[in-house]
Amino acid sequence: MENIKFEVIIIRGGPAGLSAALVLGRSRVNTIILNTEKARNFSTTLSHTFLTQDGKHPTEIFKAAKKDIDKYPSLTYKKEKAIDVKNSSNGFIVETENGTYNSKRVVIASGYRDDVEGSGIKGLSDVYGKSVYPCPFCDGYELADKKLAVFGGAEIAPFFSTVVTHWSNDVILFTNGDMIPDKEFVSELERKGIQVFQDKIKTLHSTEGKLQKVELENGKLIEREGGFYRDMKVVENTNFAQQFNIPSESGHFGLTNYIVDENRESNVKGLYIIGDARTGWSGIAPSVAEGYELGASITVQISQENWNNK
């Protein structure tokens, strides 16, 4: 097995990881990007709200990003899956399916994946990313003024449904059997035009990914043209942060944030966490910004180390 030394190892190559790589490449930092090319957003129809790339498919954005980093000789890109990260005497060892790599610094940019099947809503996987989405800021414009459904549990979905009314006045909330304890809030939702169905969902009816009807277990059929699923069942793509017992705290929408400093460095020196891997849900533009900031921070750290060693 090859055992190669790098200054930085980036695990996965989504918007955060490739953005960090671009800065490191332009800073002539010897860096390897280990990527599976199985991004979370590849399932969606089009990507939105990322300046200059609005309305493009995520795979098209990835290809452009890959072309950008290919220009820099200090960057090595490999389509390999990182399967383990361990401490070593001078940093870390990252093991992949094909070899091992050594580095003083490791960037976890591995993100999350959406467990749509884990929602328990039959038919959701057929419409997810095609007419039912997780983010109205990304896809609300295309669904504006349509008959919309909001799917999710009692903790998050009720408030989220009020946000969705910014794009449409025809919004119905489905909690799939999860009962909302705040009866006054339910009354407020219905008084202000959001119907609430707390019954179990039997199935979603769709054609070629376009939501048409929501069928409840009581037999009721409700016509809908699209919607949002916010109470996502999400799973970390790697457990590396957990392996190192990185402390965490509660974040937005019930997700967990790993605690890092202003440089995105964890309490384990040399181990950084960015993008969805840090927050559970960041979005493309914030992830790119975070990757840029990290690349610059690491470059400054390395330059200072070199200066002090002169």
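What counts and how
Residues numbered from 1 in each chain as written. Predicted model: local features only at pLDDT ≥ 70, side-chain atom pairs only at ≥ 80, totals over all residues. Heavy atoms only, no water. Buried < 20%, exposed > 50% of the residue type's maximum accessible area, 1.4 Å probe, protein only. Helix = DSSP H or I, 4+ residues; strand = E, 2+ residues; numbered from the N terminus. Pairing = 2+ DSSP bridges. Right-handed = clockwise from strand over helix to strand, strands pointing away. 1 Å grid on protein atoms, 1.4 Å probe; cavity = no way out; pocket = protein on both sides within 12 Å on 5 of 7 lines; lining within 4 Å. Points joined across faces, edges and corners; volume = space filled by probe spheres on them. Nonpolar A, V, L, I, M, F, W, Y, C, P; charged D, E, K, R; others polar. Phe/Tyr/Trp six-rings, centres within 6.5 Å; stacked < 30°, edge-to-face > 60°. Axes fitted to C-alpha atoms, helices over the stretch in contact; angles between N-to-C directions. Arc of directions from axis to C-beta. Contact = heavy atoms within 4.5 Å. Domains from an automatic or database assignment. Buried area = accessible area lost by both parts, 1.4 Å probe. Salt bridge = Lys/Arg side-chain N within 4 Å of Asp/Glu carboxyl O. Polar contact = N/O pair within 3.5 Å; in protein donor to acceptor, adjacent residues only side chain to side chain. Left-handed = near helix turned anticlockwise from the far one by under 90°.

(A) Up close: the pairing of strand E10 (residues 171-174). Of the two faces of E10, the one holding Val171 and Leu173 and the one holding Ile172 and Phe174 are both buried throughout. The pairing of strand E9 (residues 148-151) with E10 spans four bridges and is classified as parallel. Looking across to E10, one finds that Leu148 is bridged to Val171. Crossover handedness for the path E9 to helix H5 (residues 157-164) to E10: right-handed. Relative to strand E11 (residues 195-197), E10 is paired through three bridges, and the arrangement is parallel. Considered in E11, the bridge of Leu173 is made with Val196. As a crossover connection, the stretch from E10 through helix H6 (residues 183-191) into E11 is right-handed.

(B) Empty space enclosed by the protein, seen in detail. Scanning all chains against the criterion turns up one cavity of 30 Å³ or more. Quantified by volume, the largest cavity comes out at close to 60 Å³. In terms of lining, the largest cavity is formed by Ile11, Arg12, Leu34, Thr36, Glu80, Lys81, Ala82, Asn237 and Thr238. Taken together, the residues of the lining of the largest cavity sort by class into three nonpolar, three polar and three charged.

(C) Inspection of the packing of aromatic side chains at higher detail. Taken as a whole and assessed by the stated rule, the structure comprises six aromatic pairs. Pairing Phe137 with Trp167 gives two aromatic rings, centres 5.6 Å apart and planes at 85°, and the pair type is edge-to-face. Of this pair, Phe137 sits in helix H4 (residues 136-139) while Trp167 sits in the loop between H5 and E10, and the two are 30 residues apart along the sequence. With centroids separated by 6.4 Å and ring planes inclined at 85°, the aromatic side chains of Phe160 and Phe228 adopt a geometry described as edge-to-face.

(D) Focus on unusual backbone geometry. A positive phi is found at Asn245, a non-glycine position, where the angle reads about 55°. The exposed category is assigned to Asn245, whose relative accessible area is 64%. Positive phi, close to 65°, is recorded for Arg264, a residue that is not glycine. Looking at where Arg264 falls in the secondary structure, it is placed in the loop between strand E18 (256-258) and strand E19 (271-273). A residue is classified by how much of its surface remains accessible, and Arg264, at 18% relative accessible area, is buried.

(E) Layout of the sheet that holds strand E14 (residues 221-223). Reading across from one edge, E12-E13-E14 is the order of the three strands in this open sheet, with antiparallel pairing throughout. Strands at the two margins of the open sheet, each flanked by one partner only, are strand E12 (201-207) and E14. For this sheet the average axis-to-axis angle between neighbouring strands, irrespective of direction, equals 25°. Bridge analysis of strand E13 (residues 210-216) against E14 gives three bridges, and the strand direction is antiparallel. Each bridged residue has a counterpart across the sheet, and for Val214 the counterpart in E14 is Ile222.

(F) Focus on H5. Among the residues of H5, those classed as buried are Ala157, Pro158, Phe160, Ser161 and Val164. With its buried residues spanning 160° around the axis, H5 presents them on a single face. Close packing links the buried residues of H5 with H4, E9, E10, H6 and strand E15 (226-229).

(G) How the structure looks around the environment of Met179. Mapping Met179 onto the fold places it in the loop between E10 and H6. Here the alpha-carbon distance between Met179 and Gly291, two residues 112 residues apart in the chain, equals 40 Å. Beyond its immediate chain neighbours, meaning those up to four positions away, Met179 contacts Ala154 and Gln198.

(H) Highlighting the domain arrangement of the protein chain. According to the domain assignment, the protein chain consists of domain 1 (6-111 + 237-309) and domain 2 (114-229). Put simply, the middle of domain 1 and the middle of domain 2, counted by C-alpha atoms, are 33 Å apart. Counting residues at the interface gives ten residues for domain 1, matched by twelve residues for domain 2. Here domain 1 packs against domain 2, burying approximately 880 Å² in sum over the two surfaces, 51% of which is carbon and sulfur. At the junction of domain 1 and domain 2, the tally comes to zero salt bridges. Counting the contacts that link domain 1 with domain 2 gives zero residue pairs in polar contact (both at pLDDT 80 or more). Among the residues forming the side of domain 1 that touches domain 2, the class breakdown is three nonpolar, six polar and one charged.

(I) Region of the structure containing the packing of helix H1 (residues 15-26) against helix H9 (residues 284-308). In the contact formed by H1 and H9, the axes pass within 7 Å of each other and the chain directions differ by 35°. For the crossing formed where H1 meets H9, the hand is right-handed. Contacts between H1 and H9 involve Pro15, Ala16, Ser19, Ala20, Val23 and Leu24 from the first element and Ile284, Ser287, Val288, Gly291, Tyr292, Gly295, Ala296, Ile298 and Thr299 from the second.

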